[in-house]
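Here is how the chains run, residue by residue.
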Amino acid sequence: MPVIAAVGGQWGDEGKGKVIDQLAEAAQLVVRFSGGDNAGHTVINPHGEFKLHLIPAGIFYPHVVCVIGNGVVVNPAVFLKEKAQLEKRGLGTGNLFISDRANLVMPYHRLQDNLEEKARGGKALGTTHRGIGPAFADKAARLGIRAGELMDKDAFRERLGSVLEYKNRLLTKVYEAEPLSFDEVFEQYMGYAELLAPHIKETTAMLEMAAREDKVILLEGAQGTLLDPDFGTYPFCSSSSPLAANGCLGSGIGPTDVDCVLGVYKAYCTRVGAGPMPTELHDETGDFIRNRAGEFGTTTGRPRRIGWFDAVAARFTRRVNGLTGTAITRLDILDVMPRLNVCVAYRLDGKIIDYFPADAAALERCQPVYEELEGWLTDTSAVRDYEKLPLKARKYLERMEELMLCPVNLVCAGPAREQTITKTPVW
Ligand code: IMP
């Protein structure tokens, strides 16, 4: 039985939460491996509608062990709030673990995120203001504090003392902000320590055991490949890697154990925050899709930017993830569109190109070259078999396969669990 990484193929918000919720039924373990509470996974299932930022979308199955991996930065307040909300609605959290190696989001991270965005003025990145960038920067700078460190009060006091002294110098001297009180932060995090203790654990041994026993393990990605600091629209990107390769680094599973990599794509494109998006629609079609699909950020509520499906970008994200298959979500949103555009190339400075440029300024100048396809003008939300989809919808999906050079495994035509069509099994 396989280890499957499910990753976003666009700019995030592709519907990974729904796909993971669906696949988790057959899994024994679901591991979140990147990002932090900047992510927003909406899940609609028989328990109701949930918006998860940190807790893996496998939490709805009592038999599934959920792990927040070492590659995630954890804001304890957000974790505890989410856990309380799940428990209030009758869901168990006894099978929920946080890697002792996961870095913590500290109060100064959120402050720094806000202050840095403010300092960027008109050039703001449009972050989620959750402190995620500063938390990952501190991890790389070896200034991070890890979940496991909360379990040793004296060591935590010493570590926080030295880090906070540095952070307060930064806050006061660079940003001219107020310093944070050591006692307040210490007491707050010691309070969290008590509540987090049952969840903090060394998690790599449990994953190795599950892999050896041939259990199904899902590696749950956050954000999307085009927000990756290496392969995304740098610097308009997030700060941890949403790629499948980071599914290994962010969980402690070796690359030789991963069997399938599923890329999740919307049937069109969306983006939140600043940065280039070649197929963006600045017209009433974009507004129509946004309103029809309710495209507003799960984490920030911001209206999402809308565009046609970008097959140049999708082919690129297929490549850098080594996808074995794809899930295409929100097909039903396009049910009422008489004609659809798919971007098959870009026009850059007068030349036609078929690659995704590394340089954000060049990408900003790229004009989409579209292929027009006919819409199917039929409600697909009740279709359960691929062959029962309207011919024109199948043509659209099969053209996506040709352009991405990757098979479609799943098609989602609505938010509920049962509104998923298997074209070919994921594994
Ligand atoms: P940060 O991750 O909060 O630093 O934000 C950096 C960029 O990534 C911004 O453009 C955000 O809007 C975007 N971003 C971060 N997380 C998500 C997500 O889960 N979905 C979509 N966009 C995201």
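A brief report on the enclosed structure follows.

**So, the overall build of the chain**
Summing up its helical and strand segments, the chain has 12 helices and 20 strands in all. At 21 Å, the chain has a C-alpha radius of gyration in line with the 22 Å of a compact globule built from 427 residues. Reported as C-alpha extents along the three principal axes, the dimensions of the chain are approximately 65 × 50 × 40 Å. Of the contacts made within the chain by residues no fewer than 6 positions apart, 76% connect residues no fewer than 24 positions apart.

**Examining the site of the ligand**
Residues in close proximity to the ligand total 16 residues, the closest being Asp13, Asn38, Thr128, Ser238 and Arg302. For the ligand, an oxygen atom lies 2.9 Å from a polar atom in the side chain of Asn38. At 2.6 Å, a side-chain N or O of Thr128 approaches an oxygen atom of the ligand. In isolation the ligand offers 470 Å² of accessible surface; the protein chains occlude 96% of this area. Of the residues belonging to the shell around the ligand, the class tally is 6 nonpolar, 8 polar and 2 charged.

**Notes on the pattern of salt bridges**
Here the structure, examined in full by the defined rule, presents 28 salt bridges. A salt bridge links Arg101 to Glu202, with the nearest nitrogen and oxygen atoms 3.0 Å apart. Of this pair, Arg101 sits in the loop between strand S7 (96-99) and strand S8 (103-104) while Glu202 sits in the loop between strand S9 (200-201) and helix H7 (204-212), and the two are 101 residues apart along the sequence. When its relative accessible area of 36% is taken as the criterion, Arg101 is described as partly exposed. The shortest N-O distance in the salt bridge between Glu149 and Arg159 comes to 3.5 Å. Linking Glu149 in the loop between helix H4 (132-140) and helix H5 (153-174) with Arg159 in helix H5, this pair joins segments that are 10 residues apart in sequence. Residue Glu149 is classed as partly exposed on the basis of its relative accessible area, which comes to 25%. Here Arg159 falls in the partly exposed class, since its relative accessible area comes to 25%.

**What about the nonpolar core?**
Phe79, Ile98, Met106, Leu150, Phe156 and Leu160 are the most contacted members of the largest nonpolar core, which totals 60 residues. Element by element, the count of residues in this core is highest for helix H6 (residues 182-196), at 7 residues. Setting aside anything within four residues of it in sequence, one finds Phe156 in contact with Met106, Ile145, Glu149, Leu150, Phe186, Tyr189 and Met190.

**A few points about the sheet that holds strand S1 (residues 3-8)**
Taken in spatial order, the 10 strands of this open sheet run S9-S7-S5-S2-S10-S1-S11-S15-S19-S20, and their pairing is mixed. Taken across any chain shown, the strands that pair with only one partner, and hence form the sheet edges, are S9 and strand S20 (420-422). Sitting on the sheet, helix H12 (residues 391-404) touches strand S11 (260-266), strand S15 (325-329) and strand S19 (408-412), and the angle it makes with S15 is about 140°.

**Regarding unusual backbone geometry**
For the bond from Tyr234 to Pro235, the omega torsion is 0°, close enough to zero to count as cis. Position of Pro235 among the secondary structure elements: in the loop between strand S10 (217-220) and helix H8 (244-249). In this structure, Leu405 takes a positive phi of about 60° despite not being glycine. Turning to its location among the elements, Leu405 is positioned in the loop between H12 and S19. Look at Leu405 and you get exposed, because its relative accessible area is 59%.

**Observations regarding the pairing of S11**
Of all the 7 residues making up S11, 7 are buried; the element is thus mostly covered by neighbouring parts of the structure. Judged from the 5 bridges that link them, S1 and S11 form a sheet pairing that is parallel. Within S11, the position partnered with Gly8 by the bridge is Val264. Judged from the 5 bridges that link them, S11 and S15 form a sheet pairing that is parallel. Following the sheet pairing, Leu262 is matched in S15 by Gly325.

Rules of the game
Residues numbered from 1 in each chain as written. Predicted model: local features only at pLDDT ≥ 70, side-chain atom pairs only at ≥ 80, totals over all residues. Heavy atoms only, no water. Helix = DSSP H or I, 4+ residues; strand = E, 2+ residues; numbered from the N terminus. Rg over C-alpha atoms; globule rule 2.2 N^0.38 Å. Contact = heavy atoms within 4.5 Å. Near = heavy atom within 4 Å. Polar contact = N/O pair within 3.5 Å; in protein donor to acceptor, adjacent residues only side chain to side chain. Areas by Shrake-Rupley, 256 points an atom, 1.4 Å probe, with all protein chains shown as cover. Nonpolar A, V, L, I, M, F, W, Y, C, P; charged D, E, K, R; others polar. Salt bridge = Lys/Arg side-chain N within 4 Å of Asp/Glu carboxyl O. Buried < 20%, exposed > 50% of the residue type's maximum accessible area, 1.4 Å probe, protein only. Core = buried A, V, L, I, M, F, W, Y, C linked by side-chain atoms within 4.5 Å. Pairing = 2+ DSSP bridges. Axes fitted to C-alpha atoms, helices over the stretch in contact; angles between N-to-C directions.

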